[in-house]
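An overview of the molecular structure
Okay, here's what each chain looks like letter by letter:
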Amino acid sequence: MAVDPEEKKAQILVIGLGAVGTIYSHILEKSGKCEVTAVARSTYKTFIGRGVTIKSQKFGTVKDWKPYRVLRTLHEAQDRLYSYIIICTKVSPGTSPLVTDLRPFFNDGTSRETPALVLIQNGLGIEQPFREEFPDISIISCCTWIGAHFIVSQGVVEHGTFERIDIGAFTQEAKQTDEEKNGWLDSIRGRRDGNAVSRLAALIREGGGDAMEKEEIQIARWHKNMWSATIAIFCCLSRSSVASVVSEQVLESSLPALRRTMLEVLYVARNMGFDETVLPARVIDSLLKLTIKTWGTEGSVMKSKAASSLPSLPNPSILPRFPEPIHHPGGIDASALQSVGPDFRPSMLIDVETNRPAELEAVLGFVLDRARLNGTDTPRLDLLYSLMKIRQQAALDAESQRHDSHGETVLSPKSSDVGSVVSPRADKVRGRPVSTPTLEMDGKFERSWPSLV
């Protein structure tokens, strides 16, 4: 699309220049309609030099790339007005909340148009601290499916063909009723937030990205988190790639455990209003089938069919619309995911392997919070969390020692890190015996699922 040289470019602030922040900063600037100011921490020195090389099967190879501006602190970024403030950092624990450092951007006392806050982050419940601090701003929540990683030592960001982002306005944690949704869409605030979502999605599409607008983004978040809270956690605890978790040799034991654990996540979602019509139970086997087809061997695929009778993939409107090869424009195809690589390791596993704090609270802690609040029994998730918590504390202790010994520069004069969101949950799981809920599927009570007790 041709760009009018006289058109004033939108100013966008991106916080966090890791792999995801780099790819989406590049996409936004490719639109030709915006200038990205990026605040970086660990990758700052890489960008202020020659920049990075992006090696992408989707976007091509771009050498010595850097956004319009790269800054070290949020304080430096307060010199202009922004249309969007996009957070692309991990939701890591043990540091002061980012909401504190964003106050000058939203509470400056002027009559200017307030920027929309965009969260491109993993997990659930991440929006609430920002909503409590800034009750009147537009908060756009994004769920991204992307295979990319940053090799900082080489100044290279590697990316396959796999890139997709779901974008929606944050309204509330639980599912909206039809009356609530219609009322919000018809309100001044709903129209304002909807316009902000549409403009951002358009910029991403014009930059070559795959953006889809969602009326209720929390459905997409629960869908992705069902994978992260189970398969990614299994990878972390076993220190293994996804392929190893679904290999033919271990599938007889790993597959039933994964299905039952995913089912616990679904029970929690059910008690927050996400019923069979919006988050079907068959999503569990669909995610497992897609994972096995993508990273398993031919033998594991055959064994999964025999052992669990995994159903065919549901309608693409239910699953995320994964990119497909040009020669296969129909439904979902796992070959697009295979560009991530046969030894794909989730980002949480990389954190474990490098002794860094993982996104435990956002991915798993929130689910357990809501389980306790609603009286949902989650014995398997409780066990996974308790084991991960041991490793998490060791990583936090190690990080604290690193900060003490190196005196690392911070993003703003008042914060010790960027991208942190303090979980509202207590620092422990308060498990208690409750009755096992019955899952309703397609209007009928389903009794064929394995018992959770």
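Residue positions are given per chain, counting from 1 as you read along its sequence in written order. Thresholds applied to this predicted model are a pLDDT of at least 70 for local features of residues and 80 or more for the giving and counting of side-chain atom pairs; totals over whole chains, interfaces and linings are not thresholded and use all residues. Only hydrogens and water are removed before side-chain values are computed, so all heavy atoms of the structure are retained for them.

1. Some points on the packing of aromatic side chains
To pair, rings of Phe, Tyr and Trp, with the six-membered ring standing in for Trp, must have centres within 6.5 Å; the planes then decide the type, stacked if under 30 degrees apart, edge-to-face if over 60, and tilted in the middle. Counted under the stated rule, the structure contains seven aromatic pairs. Centroid distance Trp295 to Phe344: 5.4 Å. Interplanar angle 20°. Geometry classified as stacked. Of this pair, Trp295 sits in helix H10 (residues 282-295) while Phe344 sits in the loop between helix H11 (298-308) and helix H12 (347-353); the two residues are 49 residues apart in sequence, bridging distant segments of the chain. You can call Trp295 buried: its relative accessible area is 11%. An aromatic cluster of at least three residues, connected via ring pairs, comprises Phe47, Trp65 and Phe150. Two limits define a charge over a ring: the Lys NZ or Arg CZ must be within 6 Å of the ring centre, and within 35 degrees of the ring normal. One residue, Lys224, lies across the ring of Trp145, its end atom 5.8 Å from the ring centre. By definition, any uninterrupted DSSP run of H or I lasting at least four residues is a helix, any uninterrupted run of E lasting at least two residues is a strand, and each is numbered from the N terminus. Accessibility here uses a 1.4 Å probe with only protein chains present; expressed as a share of the type maximum, an area under 20% marks a residue as buried, one over 50% as exposed, and anything in between as partly exposed.

2. Some words on the confidence of the model for the protein chain
Counting all residues, the mean pLDDT for the protein chain is 80, and 72% of those residues have values of 70 or more. The low-confidence segment residues 408-453 (pLDDT under 50) makes 120 contacts with residues lying over four places distant or belonging to another chain. On a scale of 0 to 100, pLDDT captures the predictor's confidence in every residue. We call two residues in contact when some of their heavy atoms are within 4.5 Å.

3. Comments concerning helix H6 (residues 188-206)
To estimate the expected span of a helix, subtract one from its residue number and multiply by 1.5 Å. In this model H6 runs 27 Å from its N-terminal to its C-terminal C-alpha over 19 residues, within 8% of the 27 Å that 1.5 Å per residue would give. Turning to H6, its buried residues number three or more, namely Gly190, Asp193, Ala196, Val197, Leu200, Ala201, Leu203 and Ile204. Projected down its long axis, H6 carries its buried residues within an arc of 160°, all on one side. Backbone geometry just after H6 places Gly208 at a positive phi near 95°. Summarising the geometry, the arc corresponds to the directions from the helix axis toward the C-beta atoms.

4. Thoughts on the pattern of salt bridges
The term salt bridge refers to a side-chain nitrogen of Lys or Arg lying within 4 Å of a carboxyl oxygen of Asp or Glu. All chains considered together, the criterion is met by 18 salt bridges. Taking the shortest distance from any N to any O, the salt bridge between Glu276 and Arg270 comes out at 2.7 Å. Classification of Glu276 by relative accessible area gives buried; the value is 12%. With a closest N to O distance of 3.8 Å, Glu361 and Lys389 form a salt bridge. In this pair, Glu361 sits in helix H13 (residues 360-374) while Lys389 sits in helix H14 (residues 379-406), placing the two residues 28 residues apart along the sequence. We note that Glu361, like Lys389, is buried. Residues participating in the shared-partner salt-bridge network are Arg69, Asp79 and Arg80.

5. Regarding the side chain of Thr378
Counting through the fold element by element, Thr378 comes out in the loop between H13 and H14. A polar contact is formed between the side chain of Thr378 and the side chain of Arg372, at a distance of 2.8 Å. For Thr378, the residues in contact, after removing those within four places along its chain, are Glu264, Val268, Leu368, Ala371 and Arg372. Any pair of N or O atoms that falls within 3.5 Å is considered a polar contact. Within protein, one atom must be able to donate a hydrogen and the other to accept it, and sequence-neighbouring residues count only if both atoms are side-chain atoms.

6. A short note on the nonpolar core
Ranked by size, the top nonpolar core spans 50 residues in total, and within it Trp222, Met226, Ile231, Met348, Leu364 and Met388 carry the most contacts. Counting residues per element, the ones that place at least two in this core are helix H7 (217-238), helix H8 (242-245), helix H9 (251-270), H10, H12, H13 and H14. Contact partners of Trp222, with chain neighbours within four places excluded, come to Leu124, Val265, Val268, Ala269, Met272, Phe274, Leu279, Phe366 and Val367. In this structure, Ile86, Ala116, Val197 and Ala211 belong to the second largest nonpolar core, which totals 39 residues. The definition of a nonpolar core used throughout is a set of buried Ala, Val, Leu, Ile, Met, Phe, Trp, Tyr and Cys residues joined through side-chain atoms within 4.5 Å.

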